[in-house]
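So you can see what is in the structure, the chains are spelled out below.
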Amino acid sequence: MLIESLATRPDLLDPALELGDIGAEFMRHDPVADLTRAARLATRWPEYFLVLLDDGVPVARAVGVPLAFPTGERGELPDHGWDGAILWAFEDAVDGRAPTTLVALDVQVAAEHRGRGIAARALAALRTNAREHGLARLAIPVRPTQKQDRPDETMADYLLRRRADGYSADAWLRTHERVGGRFVKVAPFAMTITGTLRQWEEWTGKVLRPGPNVVDGALVPVVANVEQDIGVYVEPNVWFEHCP
């Protein structure tokens, strides 16, 4: 399997985007995520935008952003998880601060190629990429893929779910554990999405009722306030570190 970056193969951007997307429609409305549109990442950090090819055909992508961590004011990975890492990366880019850590934001395998261990190869490619660029850490705010089946369960309780072999019951968490990833902590508010009740209906096809609402693709309920005409989704993720 060949691994290319957009720094050397910018022509792979469009094929990489066609591999699919993670998450439901409402996840496209996180304002912080607007900073990580593929065109922006391809322009600013093409060397950290990797594409895995099998016989010349793109089958997966693995995308990261470089940032400085740890520093004097950054003693631990952000509770804001995915959103926090994005803000740190852009802050460092503007300030000209040298990065020391790669944070992976997106690992996507084409649907027809899943179950072949390609996700693990993508993680290995990210580790190698970090090492080749002189970065000491690879950190990932992991979004457990099967947590959406248990939206009312706390992330702490969900992490206790284990198979007989000791690995996580969640497939994506299990992939990280199997390749040597180290659990760091839960990021309790990794992504925050707000919208009017009408917007949430457009995003989910569901009319939100006062209080918590379970919607397809959400890891936790969306909380609605009818009087204020607002729905709020605060998603937890799980920080893992991998040694490059």
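Basis of the calculations
- Residues numbered from 1 in each chain as written.
- Predicted model: local features only at pLDDT ≥ 70, side-chain atom pairs only at ≥ 80, totals over all residues.
- Heavy atoms only, no water.
- Core = buried A, V, L, I, M, F, W, Y, C linked by side-chain atoms within 4.5 Å.
- Buried < 20%, exposed > 50% of the residue type's maximum accessible area, 1.4 Å probe, protein only.
- Helix = DSSP H or I, 4+ residues; strand = E, 2+ residues; numbered from the N terminus.
- Contact = heavy atoms within 4.5 Å.
- Polar contact = N/O pair within 3.5 Å; in protein donor to acceptor, adjacent residues only side chain to side chain.
- Pairing = 2+ DSSP bridges.
- Salt bridge = Lys/Arg side-chain N within 4 Å of Asp/Glu carboxyl O.

Going by what an unreviewed UniProt entry lists, the protein chain is known as GNAT superfamily N-acetyltransferase and is assigned to Saccharomonospora amisosensis.

Draft legend 1. Examining the nonpolar core more closely. Core analysis: the biggest nonpolar cluster contains 72 residues, and F26, F49, V103, L126, W200 and Y233 have the highest contact counts within it. Top element by residues in this core is helix 4 (residues 118–132). It accounts for 7 residues. The contact partners of W200, leaving out residues within four places of it in the chain, are F26, I193, T194, G195, G205, K206, L208, V222, G231, V232 and Y233.

Draft legend 2. Fine view of helix 6 (residues 171–178). Burial of helix 6 is extensive: 6 of the 8 residues sit out of reach of the surface. Considered for burial, the residues of helix 6 that qualify are W172, L173, R174, T175, H176 and E177. Buried residues along helix 6 sit against strand 4 (101–109), helix 4, strand 5 (137–142), helix 5 (155–159) and strand 9 (230–242). The backbone nitrogen of W172 lies 3.1 Å from a side-chain oxygen of the residue at the head of helix 6, namely D170.

Draft legend 3. Expanded view of the pairing of strand 3 (residues 57–67). For strand 3, the tally of buried residues reaches 10 of 11 residues, placing the bulk of the element in the interior. The antiparallel hairpin formed by strand 2 (residues 49–54) and strand 3 contains 2 residues in its connecting segment, where D55 sits at a positive phi of about 55°. Both strand 3 and strand 4 contribute to a ladder of 8 bridges, which runs antiparallel. In the sheet register, A62 faces strand 4, and the bridge partner there is V107.

Draft legend 4. Structural context of the pattern of salt bridges. This model, assessed by the stated rule, comprises 17 salt bridges. A salt bridge links D34 to R37; the shortest N-O distance between them is 2.5 Å. Given a relative accessible area of 34%, D34 falls into the partly exposed group. The partner of K185 in a salt bridge is D79, and the shortest N-O contact between them spans 2.8 Å. Of the two residues, K185 sits in strand 6 (residues 182–195) while D79 sits in the loop between strand 3 and helix 3 (81–95), which places them 106 residues apart along the sequence. Accessibility expressed as a relative area gives 13% for K185, which makes it buried. When salt bridges with common partners are traced through the structure, they connect E73, R74, E91, D92 and R97 into a single cluster.

Draft legend 5. Structural context of the environment of L123. Counting through the fold element by element, L123 comes out in helix 4. Relative accessible area serves as the criterion here: at 0%, L123 is assigned to the buried category. Along the sequence, L123 and E235 sit 112 residues apart, while their C-alpha atoms lie 23 Å from each other. Once you skip the residues sitting within four places of it in the chain, L123 turns out to touch V107, L138, I140, W172, T175, H176, V179 and H242.

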